[in-house]
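Each chain, letter by letter, is given below.
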Amino acid sequence: MMIHDGLRELFLIVDDDEMLRSRLARAIQSRGFRAVVASDYDEAVQFIHHEKPQYALVDLNMTGRSGLELLETITQISPNTRCVMLTGYGSITTAVEAMRAGAWNYVTKPADTDQILSAFNTVPDRGNRSVEIQYKPQTLAETEWEHIQRVLADCGENISEAARQLGIPRRTLQRKLKKRAP
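Because the structure is predicted, anything quoted here is derived from the model rather than measured.

(A) Representation of the overall build of the chain within the structure. Summing up its helical and strand segments, the chain has nine helices and six strands in all. Here the chain holds 182 residues, and 41% of them are scored as buried. Accessible surface for the chain amounts to roughly 10300 Å². Of this, 49% is attributable to carbon and sulfur atoms.

Written as structure tokens, this is what we have:
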């Protein structure tokens, strides 16, 4: 955990990608915040028990416990902390789950610092209806596309290995990847 002192409001960044954490911390700090980073659930919870940040940016997929679990914990320990969920696998389903877990808003990667800060200042339009009522099921094509992207990312963009893990021929995977996302 790294703390950058000397600035005003406290901004917690939780992501298991070290390069992304440090880049975001520098950018957030340059905008007048005191930036604190954590690599996982345990590190973030340990910090939150000592200090209550005004803002928390939480990655959805982390090593160990998920960002959704962390959001719920942050909401219990520090209810005034405004949390935004950050993920590379954006879908309506995960957005609904994040809002239920206590997220203020939701941002998909890649996102720049201005988009992230804007998410903290923008109230998602829910009208008089709850998030559950606004939920629209994800299409089969969208679900398949996200799954392929996740497996491909886990394989380091190696198409042959991803095809093996998906149980489909490499050429079939290549054809699917040439199509635009649903």
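(B) Seen up close, the pattern of salt bridges. Taken as a whole and judged by the stated rule, the model has five salt bridges. Close ionic contact of Arg31 with Asp114 constitutes a salt bridge, the shortest N to O distance being 3.2 Å. Here the residue Arg31 occupies a position in the loop between α1 (18-30) and β3 (34-38), and Asp114 occupies one in helix α5 (residues 113-121), the gap between them amounting to 83 residues. Glu144 is the salt-bridge partner of Lys176, the closest N and O atoms lying 2.8 Å from each other. Residue Lys176 is located in helix α9 (residues 170-178), and its partner Glu144 is located in helix α7 (residues 140-154); the two are separated by 32 residues in the primary sequence. For Glu144, a relative accessible area of 38% gives the class partly exposed.

(C) Region of the structure containing the environment of Glu97. Along the chain, Glu97 falls in helix α4 (residues 92-101). A residue is classified by how much of its surface remains accessible, and Glu97, at 33% relative accessible area, is partly exposed. Spatially, the C-alpha atoms of Glu97 and Leu68 are 7.4 Å apart, while their sequence positions differ by 29 residues.

(D) Fine view of the packing of aromatic side chains. A complete count under the given rule lists five aromatic pairs for this structure. Summarising the aromatic geometry, the rings of Phe11 and Phe33 are spaced 5.5 Å apart at their centres and angled 70° between planes, so their arrangement reads as edge-to-face. Of the two residues, Phe11 is situated in strand β2 (residues 10-14) and Phe33 in the loop between α1 and β3; the sequence distance between them amounts to 22 residues. You can call Phe33 buried: its relative accessible area is 12%. Ring geometry for Phe33 and Tyr55: centres 5.6 Å apart, planes at 90°, overall edge-to-face.

Rules and cut-offs
Residues numbered from 1 in each chain as written. Predicted model: local features only at pLDDT ≥ 70, side-chain atom pairs only at ≥ 80, totals over all residues. Heavy atoms only, no water. Helix = DSSP H or I, 4+ residues; strand = E, 2+ residues; numbered from the N terminus. Buried < 20%, exposed > 50% of the residue type's maximum accessible area, 1.4 Å probe, protein only. Areas by Shrake-Rupley, 256 points an atom, 1.4 Å probe, with all protein chains shown as cover. Salt bridge = Lys/Arg side-chain N within 4 Å of Asp/Glu carboxyl O. Phe/Tyr/Trp six-rings, centres within 6.5 Å; stacked < 30°, edge-to-face > 60°.

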